[in-house]
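Coordinate inspection notes
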Amino acid sequence: MANRLKSAPATATGVLEAANSEREHVFDVFRRWGYLQADLDPLGFLQPLRIPELQIENEFAREARQAYCGTIGVEFVHIPDAEKRRWIQERMEGPQSPVDQETALDQLIRAELFELVLQQRYLGTKRFSLEGTTALIPLVDEILEVAGRQGASELVMGMSHRGRLNVIVQVAKRAPEEVFANFEDVDPRSVLGSGDVKYHMGATGEYVTRTRARVHIHLVSNPSHLEAVDPVTIGRTRAKQDRAGESGKSKYLPLLVHGDAAFAGQGIVAETLNFADLPGYTVGGTIHILANNLIGFTTTPKEEHSSRFSAQLARRQAIPIFHVNAEDVDAVIRVGRMATEYRYQFGTDVVIDLIGYRRHGHSEVDDPTITQPLLYKAIKEHPPLWEIYAEDIGAEDVGARAQAIREEYESAQQKAGELSKKPSMRDLPDYWSGYKGGRYKAEYTVDTGLSPEELREITERLTTYPADFHIHPKVKKLLEQRAEMGQGKRALDYGMAEALAFGSLVKSGIPVRLTGQDSRRGTFNQRHSVLVDVEDEHEYVPLQNISADQARCDICNSTLSEAGVLGFEYGYSRDYPEALVLWEAQFGDFANVAQAVIDQFVSAGEDKWGLLSGLVLLLPHGYEGQGPEHSSARIERFLQLAARDNFQICQPSSAAQYFHLLRRQALSHWRKPLVVFTPKSMLRHPDASSPIDDLSHQRFLSVLPDMEVENATRVLLCTGKIGHELREERKKRRDVSTAIVFVDQLYPFPETELTAELNRHASAREIVWVQEEPANMGALSYMLPRLRHLAGERSVLSVKRSASASPATGSAKAHEVEQKTLLSLAFSTKQ
Ligand SMILES: Cc1ncc(C[n+]2csc(CCOP(=O)(O)OP(=O)(O)O)c2C)c(N)n1
Ligand SMILES: [Mg+2]
């Protein structure tokens, strides 16, 4: 540096230029590394790093240090876009905007005394206090302030346990007595066996900003599984934005509050961040806040992550990360302002790392002095934030203000004790009013057939494209074949059945959204929903060209994620009940990566939170010799989760059945998730194809009776591909006394239909459940007791692969031998 100054030219402009360039150089170094020396930890345990490049002592360095090494440390020079960097620089280096300190103080007192009253009144219960990161409340207030000015009408917020109850009162503005009432556990009978703990429940409310903007608050219901709510929140936001059209991205602002340990540790965070800029998933920027108390339960930051800051997971994206000392409330508010303005200016995610501490143990029943004695000694001696801030700003009458607020809470607490039942803290949006959950009722049945004319009309739209479109020869042929299918000249396969179902739905005003890995073409080359011009790769989507006033049809390739994408689509379905929303696994086997989302949201969402979803899971399933991980969508797991009509589990055995099933899902007002085991090799197999006339039938059949055999002596019951193989085998054997019945709907159990079919073959002495899956998998243990109940005196046998630790063999040859044995046993097993 000294050398540079020396070599500068001696003219006046030259000196100025040299000084400017010297200033720029010094500032650049601080822009790059300054955050590492910032004063970020209120308790001082996170020591600034020694960075050799920053050991500069001159006037420029003093200025730069003030801008970049104070209580805000920002990581932003990894952003390639110079305009974005300049934007941040100007705000970090320019004059500081004023803060409404009195309001902030009031919020801090309210937030901290709320925790205090809970602590005193409900000693020994968990509440996951916010104390130590209480600045979250003025931070969210500032975010809402800016968002309100930018035209936001709703904040869609996902967060876990920490500080949630406080947020419900201070942000969602629910009356404190509602939260207190949830501590009273008023009427246990009203929730027996269902419901959820208080710090998971969703809440809604209205926030009025200082500039009189009204922002609706939607705090999303959340399971214990940390961060699982992230993609759900983003999917919900996207659905709300899609409903709103053009202005959606500014009206609906997503905010995720993370824990430091969870943000670094849970892979679903990375999956969610990865959606940020993708056309099918973007929400125009999410604000992420880490309520960073530098601890996860008993785990220290050194044990939590390999980076200096938990927030650095977000470094792979070209977005800023603002670290801020949670005890400099003004700085926290300025960061909130900057981050929100940035989100609205550039439409990307932003990260705010709010660094504080945790006043109590992980929950209030934990003793943290066992694992962190020194930290907790320091915390014990540390005054609450509102006291520090009141002194900093020289506030008057603080004691009296605190006393008044405390009395407010105490009288709210007394009122809560008088409530006879737990209040619900949320309102459902109007678009849910026409839909039903609970048990299935016959009145939910809908007709799903279409007239031949309508089918022909949709076929025409599905199989044609603009005259100047250069189509791939293979796709051309496929469309020609589909045209023949629609005209009844050729049996209909699954791909066409699906296209007709989607086409008919969007034509009647029902939006369709399908995402999954490689779903646009289809993993098995079966869908071809998007035509790609072979000369310039421009696209034509027949399903978006069905009719002038049709609903939207979005078929997207997803990221290579299961948990994240399924969470997103579940969220989307929560805020778009009118739409048919589908997630497709590449192979059903991979859906287990999303097991937490399946368990916590899809299966249990209604039971825990009373929240419905009509999401469809398409899970390719079938034993075809492709090895342990390309065979099984784990039917057994879904059946194990099934209770109280929480979802529908189906395996349509023909193209027409698939068509009716999809339409039923969209047209019925019974909104329940639908799990569909979809075919692979059977996608185009003649045995599973359907005549077009079957699409004009009334509806989906949960049980497919065997019309070829009357009064059989043996009834084989099965689901999926094996049924077709059994029919083939029967033909080979010239067997005329064995009936083969497909159970296309496994759950809710089609008792009436199965009883009718068994009664048709009253003289059959053997009823055999046949499955491809090993004995410890598939539908066996679900079906056997139910079939025994229906069979009465008759014996119920089963044919299946031997129990196995892995779903299938890795050898195609072994598979074939096994499959042959199954088929042969199906016709010969005796009691
Ligand atoms: C997926 C998952 N794993 C483990 C847990 C158990 N658990 C609950 S809170 C917690 C610590 C969370 O730490 P952090 O994310 O820093 O949040 P904090 O409690 O400090 O606010 C753990 C391990 C969980 N809830 N979810
Ligand atoms: Mg933590």
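The model shown is predicted, which means the values in this text are computed figures rather than measured ones.

Examining the overall build of the chain
Summing up its helical and strand segments, the chain has 29 helices and 22 strands in all. Each of the three principal axes of the chain carries a C-alpha extent, and together these read 100 × 70 × 50 Å. Buried positions account for 59% of the 831 residues belonging to the chain. By element, 50% of the accessible surface of the chain is carried by carbon and sulfur atoms, the whole surface being about 33400 Å². In the chain, 96 positive and 114 negative side-chain charges are present, and the distance between their average locations comes to 4 Å.

Observations concerning the packing of helix H8 (residues 176–184) against helix H17 (residues 398–418)
Two elements in contact, H8 and H17, have axes separated by 8 Å at closest approach and are oriented at 50°. The pairing of H8 with H17 is recorded here as oblique in orientation. The element H8 and its partner H17 pack so that their crossing is right-handed. Between H8 and H17, the contacting residues are Pro176, Glu177, Phe180, Ala181 and Glu184 on the first element and Tyr409, Ala412, Gln413, Lys415, Ala416 and Gly417 on the second. Here the residues of the contact of H8 with H17 are counted per class, giving 6 nonpolar, 2 polar and 3 charged.

Examining the confidence of the model for the chain
Looking at the chain as a whole, its pLDDT mean stands at 95, while 98% of the residues score no less than 70. Residue range residues 1–6 is modelled with pLDDT below 50. Its contacts to residues more than four positions away, or to other chains, number 7 contacts.

Observations regarding unusual backbone geometry
Leaving glycine out, the prevailing phi sign among residues is negative, and the prevailing peptide bond configuration is trans. A cis amide bond links tyrosine 747 with the next residue in sequence, proline 748, at an omega value of -10°. If you trace the backbone, proline 748 turns up in the loop between strand E20 (745–747) and helix H27 (751–760). Located in the positive-phi region is lysine 173, a residue other than glycine, with phi close to 60°. Relative to the elements of secondary structure, lysine 173 occurs in the loop between helix H7 (164–170) and H8. By relative accessible area, which is 46% here, lysine 173 ends up partly exposed. Positioned with a positive phi, asparagine 711 is a non-glycine residue whose angle comes to about 45°. Following the sequence through the fold, asparagine 711 ends up in the loop between strand E17 (703–704) and strand E18 (714–718). On the basis of relative accessible area, asparagine 711 is assigned to the partly exposed category, the value being 46%.

Details of the coordination of the magnesium ion (ligand 2)
Around the magnesium ion (ligand 2), the protein contributes the donor atoms Asp260 (OD), Asn293 (OD1) and Ile295 (O), which lie 2.0 Å from the metal centre. Ordering the donors of the magnesium ion (ligand 2) by residue number gives the pattern D-x32-N-x1-I. Of the two residues, aspartate 260 sits in helix H11 (residues 260–265) while asparagine 293 sits in the loop between strand E6 (287–292) and helix H13 (301–304), which places them 33 residues apart along the sequence.

Details of the pairing of strand E22 (residues 795–801)
Note on strand geometry: in a regular strand, side chains alternate between the two faces of the sheet. By the criterion of burial, E22 is predominantly enclosed, with 6 of the 7 residues buried. Strand direction decides the pairing type here: strand E21 (residues 766–774) and E22, joined by 6 bridges, are parallel. Paired with isoleucine 767 across the two strands is valine 796, which belongs to E22. What joins E21 to E22 is helix H28 (residues 780–791), and the crossover it makes is right-handed.

Quick notes on empty space enclosed by the protein
A complete count under the given rule lists 10 cavities of 30 Å³ or more for this structure. Its boundaries defined by the atoms lining it, the largest cavity holds a volume of some 160 Å³. Lining of the largest cavity is provided by 24 residues; of these, His621, Gln651, Thr719, Gly720 and Lys721 occupy positions nearest its centre. Tallying contributions element by element places E21 first for the lining of the largest cavity, with 5 residues. Per-class residue counts for the lining of the largest cavity are 9 nonpolar, 10 polar and 5 charged. Approximately 120 Å³ is the volume attributed to the second largest cavity. As for the second largest cavity, its lining consists of 15 residues, and the residues nearest its centre are Gln526, Arg527, Glu584, Thr678 and Leu683.

Some details on the environment of glutamate 22
Note on placement: glutamate 22 falls in helix H2 (residues 12–33). Look at glutamate 22 and you get buried, because its relative accessible area is 4%. As for glutamate 22 and phenylalanine 60, which are separated by 38 residues in sequence, their C-alpha atoms are 8.3 Å apart.

Let's talk about H2
A rise of 1.5 Å per residue sets the reference length of H2, with its 22 residues, at 32 Å; its end C-alpha atoms lie 32 Å apart and thus fit the reference within 8%. Looking at H2, one finds that the buried residues are Gly14, Ala18, Glu22, Val26, Phe27, Val29, Phe30 and Arg31.

Considering the environment of alanine 261
Following the sequence through the fold, alanine 261 ends up in helix H11. Sequence-wise, alanine 261 and threonine 300 are 39 residues apart; in three dimensions their C-alpha atoms are separated by 8.7 Å. Apart from residues lying up to four places away in sequence, alanine 261 is in contact with Gly296 and Glu304.

A few points about the site of ligand 1
Close to ligand 1 lie 15 residues; His161, Arg162, Ser224, Asp260 and Ile295 are nearest. The separation between an oxygen atom of ligand 1 and a polar side-chain atom of arginine 162 is 2.8 Å. Across the complex, the protein chains shield 73% of the 580 Å² of accessible surface that ligand 1 would expose by itself. Tallying contributions element by element places H11 first for the shell around ligand 1, with 3 residues.

Brief notes about the packing of aromatic side chains
Scanning all chains against the criterion turns up 28 aromatic pairs. Taking the centre distance of 6.2 Å and the plane angle of 45° together, the rings of tyrosine 35 and phenylalanine 309 count as tilted. Taken together, the positions of tyrosine 35 in the loop between H2 and helix H3 (59–68) and phenylalanine 309 in the loop between H13 and strand E7 (321–325) put the pair 274 residues apart, joining distant regions of the chain. No difference in accessibility class separates tyrosine 35 from phenylalanine 309, as the two residues are buried. Taking the centre distance of 5.7 Å and the plane angle of 20° together, the rings of tyrosine 572 and tyrosine 576 count as stacked. Neither residue differs from the other here; tyrosine 572 and tyrosine 576 are each classed as buried. Ring pairs connect the aromatic residues Phe114, Tyr122, Phe180, Phe183 and Tyr409, which therefore count as one cluster.

Section: the side chain of histidine 258
Mapping histidine 258 onto the fold places it in strand E5 (residues 252–259). Within polar-contact distance, the side chain of histidine 258 engages the side chain of histidine 288 at 2.9 Å. Each residue touching histidine 258, except ones within four places of it in the same chain, is listed here: Glu227, Asp230, Phe263, His288, Ile289, Leu290 and Ala291.

Thoughts on the sheet that holds E18
In sheet architecture, strand pairing relies on hydrogen bonds along the backbone and comes in two forms, parallel and antiparallel. Read across the open sheet, the 5 strands follow the order E17-E19-E18-E21-E22; overall the sheet is mixed. Each edge of the open sheet carries a strand with a single partner, namely E17 and E22. As paired elements, E18 and E21 share 4 bridges and run parallel to each other. Residue pairing across strands places leucine 716 opposite valine 768, the latter belonging to E21. Contacts from H28 reach E18, strand E19 (738–743), E21 and E22 within the one sheet, and its direction differs from that of E22 by about 165°.

Considering the pattern of salt bridges
Summed over the entire model, instances satisfying the criterion amount to 52 salt bridges. With its nearest N and O atoms 3.2 Å apart, the salt bridge here joins lysine 415 to glutamate 177. Of the two residues, lysine 415 sits in helix H17 while glutamate 177 sits in helix H8, which places them 238 residues apart along the sequence. Judged by relative accessible area, which is 46%, lysine 415 ranks as partly exposed. Residue glutamate 177 is classed as buried on the basis of its relative accessible area, which comes to 18%. Close ionic contact of glutamate 410 with arginine 406 constitutes a salt bridge, the shortest N to O distance being 3.6 Å. Taken together, the residues glutamate 410 and arginine 406, both in helix H17 and 4 residues apart, mark about one turn of the helix.

Rules used throughout
Residues numbered from 1 in each chain as written. Chains lettered and ligands numbered in written order. Predicted model: local features only at pLDDT ≥ 70, side-chain atom pairs only at ≥ 80, totals over all residues. Heavy atoms only, no water. Helix = DSSP H or I, 4+ residues; strand = E, 2+ residues; numbered from the N terminus. Buried < 20%, exposed > 50% of the residue type's maximum accessible area, 1.4 Å probe, protein only. Areas by Shrake-Rupley, 256 points an atom, 1.4 Å probe, with all protein chains shown as cover. Lys, Arg positive; Asp, Glu negative; His and termini not counted. Charge placed at Lys NZ, Arg CZ, Asp CG, Glu CD. Axes fitted to C-alpha atoms, helices over the stretch in contact; angles between N-to-C directions. Parallel < 35°, antiparallel > 145°, perpendicular 65-115°, else oblique. Left-handed = near helix turned anticlockwise from the far one by under 90°. Contact = heavy atoms within 4.5 Å. Nonpolar A, V, L, I, M, F, W, Y, C, P; charged D, E, K, R; others polar. pLDDT = per-residue confidence, 0-100. Donors = N, O, S within 2.8 Å, 3.2 Å for Na, K, Ca; no water. Pairing = 2+ DSSP bridges. Right-handed = clockwise from strand over helix to strand, strands pointing away. 1 Å grid on protein atoms, 1.4 Å probe; cavity = no way out; pocket = protein on both sides within 12 Å on 5 of 7 lines; lining within 4 Å. Points joined across faces, edges and corners; volume = space filled by probe spheres on them. Expected span 1.5 Å × (residues − 1). Near = heavy atom within 4 Å. Polar contact = N/O pair within 3.5 Å; in protein donor to acceptor, adjacent residues only side chain to side chain. Phe/Tyr/Trp six-rings, centres within 6.5 Å; stacked < 30°, edge-to-face > 60°. Salt bridge = Lys/Arg side-chain N within 4 Å of Asp/Glu carboxyl O.

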